[in-house]
Each structure stands twice: as structure tokens, then as C-alpha cells.
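Observations on the model geometry
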Amino acid sequence: MDSLYVLIPIAILFVIIAVGIFFWAVRSDQFEDLERQGMNVLLDDDGPKAASAAKPQQPSDKPDAD
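If you're wondering where the values come from, they're calculated on a predicted model, not measured in any experiment.

1. A short note on the overall build of the protein chain
Summing up its helical and strand segments, the protein chain has three helices and zero strands in all. Looking at the protein chain residue by residue over its 66 residues, the buried ones come to 2%.

This is the structure we're talking about:
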């Protein structure tokens, strides 16, 4: 029975923290665009990045020393 005197205030504190985090998320527009992250999985953005990463080799202006 004595443990309830400790556990109930701790549980109330956790609920207050959870409600505070929820209202912070709502105020900072965390729930505005719920479908964008789901659609990012379906989009294939790797193609252009891989092509732009490979730079073509430019010929050297200096002649070979052979």
C-alpha cells in the first residue's frame, strides 16, 4: 500500500510529460503532412544522384613524358 504513494505521483508525472510532448508536437506542425514520408519510400531518387556523382575524366593538357 505504501508503494502506491510513490507510484501514483510518478504515473501522474509521466502523463503530464506525455501530454506536454503531444501538445508541443501539434503546435510545431509535426502532424501537418502525414503522407509525404510514406510517399518518399516509393520514389526512386537514387538514379540522378548516382549519375551526377560520376564525373567524366577530362584529358590532361600536358603531354606524356615518355
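2. Focus on the packing of aromatic side chains
Per the counting criterion, the structure on display carries one aromatic pair. Arranged with centres 5.6 Å apart and planes meeting at 65°, the rings of F22 and F23 form a pair that is edge-to-face. Classification of F22 by relative accessible area gives partly exposed; the value is 45%. In this structure F23 comes out as partly exposed when scored by relative accessible area, which is 47%.

3. Comments concerning helix α1 (residues 4–27)
Here α1 contains 24 residues, and its C-alpha end-to-end distance of 34 Å stays within 8% of the 34 Å for a straight helix at 1.5 Å per residue. One or two positions beyond α1, positive phi appears at D29, with a value near 60°.

4. A short note on the UniProt feature "transmembrane region" (unreviewed entry) in the protein chain
In the numbering used here, UniProt assigns the feature "transmembrane region" (unreviewed entry) to residues 6–26. Between the first and last C-alpha atoms of residues 6–26 the distance is 31 Å; the span itself is 100% helix and 0% strand.

Rules used throughout
- Residues numbered from 1 in each chain as written.
- Predicted model: local features only at pLDDT ≥ 70, side-chain atom pairs only at ≥ 80, totals over all residues.
- Heavy atoms only, no water.
- Helix = DSSP H or I, 4+ residues; strand = E, 2+ residues; numbered from the N terminus.
- Buried < 20%, exposed > 50% of the residue type's maximum accessible area, 1.4 Å probe, protein only.
- Phe/Tyr/Trp six-rings, centres within 6.5 Å; stacked < 30°, edge-to-face > 60°.
- Expected span 1.5 Å × (residues − 1).
- UniProt positions renumbered as here; feature names shortened; annotations may be inferred.

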